[in-house]
Amino acid sequence: AGVYVEATEFKVYDEAASETVAEFVSDGACNLYHNNVKRFYTVSDGASVRGGEGEEARLYLEADEGDDNADIWRIEADTSGSLNIHNYASGSYEKSIACAGNGGVDLYHNNALQCKTVDGGLNFADGKRGYFGDSSDLQIWHDGSHNTIQSTNGRIYVNGIGRVQLQTGDGS
């Protein structure tokens, strides 16, 4: 039992035959439409999701049948040229990662920006800490007025070839 169609191209239209719902091309693409706009289609090396003119392109991922909020994710290419990854763990979408085309990557925790890549390195906002070691044994941070390097397990060594020099802002 089933429906079998033999054709080099097969199209499915709505009940009025005025809008394309799907197209299937032998040895070619499978195209799926929403409201007569091609949104999902296969290409020779994968698949593509397309947003409409002036709209984002979004791909939704649901692990474990999507039965828990933490199972739900969204990948989005927005109209400014950025790629964003959102999680749904709290019951609404929150940004986890934002990637700017030809630019930086922003990392979020609980929808709050924690750090971002910049030309030449990594930038932490005031009050955000860099944690190093499996137990966060070394921490570095700037609170807007002061800079702190803190070790919670042992010594901090500063090594150099020849002279090691610590200076104040005026060079003394």
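Being a predicted model, the structure only gives us computed values, none of them experimental.

(A) Spatial organisation of the overall build of the protein. Within the protein, the regular secondary structure consists of zero helices and 15 strands. Over its C-alpha trace the protein gives a radius of gyration of 26 Å, far above what one expects of a compact globule, namely 16 Å for 172 residues. Each principal axis of the C-alpha distribution contributes one length, and for the protein these read about 85 × 35 × 30 Å. With 172 residues in all, the protein has 14% of them scored as buried. Sequence-distant contacts, at least 24 apart, represent 1% of the contacts inside the protein between residues at least 6 apart. Accessible surface, the protein as shown: approximately 12800 Å² in total, 48% of it carbon and sulfur. Here the protein holds 12 positive side-chain charges and 27 negative ones, and the gap between their average locations is 10 Å.

(B) Spotlight on the pattern of salt bridges. For the coordinates displayed, the defined rule picks out six salt bridges. Between Glu 23 and Lys 11 there is a salt bridge whose closest N-O contact spans 3.4 Å. Of the two residues, Glu 23 is situated in strand β2 (residues 20–25) and Lys 11 in strand β1 (residues 9–13); the sequence distance between them amounts to 12 residues. Judged by its relative accessible area of 11%, Glu 23 is buried. Look at the salt bridges and you will find they share partners, linking Glu 56, Arg 58, Arg 74 and Glu 76 into a network.

(C) Seen up close, the sheet that holds strand β10 (residues 105–109). Ordered in space as β6-β7-β8-β9-β10-β11-β12, the seven strands form an open sheet in which the pairing is antiparallel. Each edge of the open sheet carries a strand with a single partner, namely β6 (57–62) and β12 (121–124). Ignoring strand direction, the axes of neighbouring strands in this sheet form an average angle of 15°. Pairing of strand β8 (residues 82–87) with strand β9 (residues 94–100), which is carried by six bridges, proceeds in the antiparallel orientation.

(D) Just the pairing of β10, in detail. Pairing analysis gives three bridges linking β9 to β10, with the strands arranged antiparallel. Among the inter-strand pairings, Cys 99 is bridged to a residue of β10, identified as Val 105. Linking β9 back to β10 in an antiparallel pair, the connection comprises four residues, with Asn 102 at a positive phi of about 60°. Bridge count for β10 against strand β11 (residues 112–118) is four bridges, and the pairing is antiparallel. When the sheet's bridge partners are listed, Leu 107 is paired in β11 with Cys 115. Hairpin connection between β10 and β11: a loop of two residues separates the two successive antiparallel strands, and Asn 110 in this loop has a positive phi of roughly 55°.

(E) Spatial organisation of a negative patch on the surface. Taken together, the side chains of Asp 64, Glu 65, Asp 67 and Asp 68 make up a negatively charged region of the molecular surface. Here Asp 68 lies in the loop between β6 and β7 (72–77). With relative accessibility at 41%, the residue Asp 68 sits in the partly exposed group.

(F) Region of the structure containing the packing of aromatic side chains. Using the criterion set out here, one finds three aromatic pairs in the structure. Ring centres of Phe 10 and Phe 24 lie 6.2 Å apart, and the angle between their planes is 25°; this geometry places the pair in the stacked category. Note that Phe 10 is positioned in strand β1 and Phe 24 in strand β2, a separation of 14 residues in sequence. When its relative accessible area of 34% is taken as the criterion, Phe 10 is described as partly exposed. Take Phe 24: its relative accessible area is 33%, and that puts it in the partly exposed class. Above the plane of the ring of Tyr 41 lies Lys 38, whose end atom (NZ or CZ) is 4.4 Å from the centre.

(G) Geometry of a nonpolar patch on the surface. Together, Val 3, Val 5, Phe 10, Phe 24, Leu 32, Phe 40, Val 49, Leu 59, Leu 61 and Trp 73 make up a nonpolar patch on the protein surface, roughly 830 Å² of accessible area in all. Tracing the backbone shows Leu 59 in strand β6. Residue Leu 59 is classed as partly exposed on the basis of its relative accessible area, which comes to 37%.

Conventions and cut-offs
- Residues numbered from 1 in each chain as written.
- Predicted model: local features only at pLDDT ≥ 70, side-chain atom pairs only at ≥ 80, totals over all residues.
- Heavy atoms only, no water.
- Helix = DSSP H or I, 4+ residues; strand = E, 2+ residues; numbered from the N terminus.
- Rg over C-alpha atoms; globule rule 2.2 N^0.38 Å.
- Buried < 20%, exposed > 50% of the residue type's maximum accessible area, 1.4 Å probe, protein only.
- Contact = heavy atoms within 4.5 Å.
- Areas by Shrake-Rupley, 256 points an atom, 1.4 Å probe, with all protein chains shown as cover.
- Lys, Arg positive; Asp, Glu negative; His and termini not counted.
- Charge placed at Lys NZ, Arg CZ, Asp CG, Glu CD.
- Salt bridge = Lys/Arg side-chain N within 4 Å of Asp/Glu carboxyl O.
- Pairing = 2+ DSSP bridges.
- Axes fitted to C-alpha atoms, helices over the stretch in contact; angles between N-to-C directions.
- Patch = residues over 30% accessible without salt bridge, like charges linked within 9 Å, V, L, I, M, F, W, Y side chains within 5 Å.
- Phe/Tyr/Trp six-rings, centres within 6.5 Å; stacked < 30°, edge-to-face > 60°.
- Lys NZ or Arg CZ within 6 Å of the ring centre and 35° of its normal.

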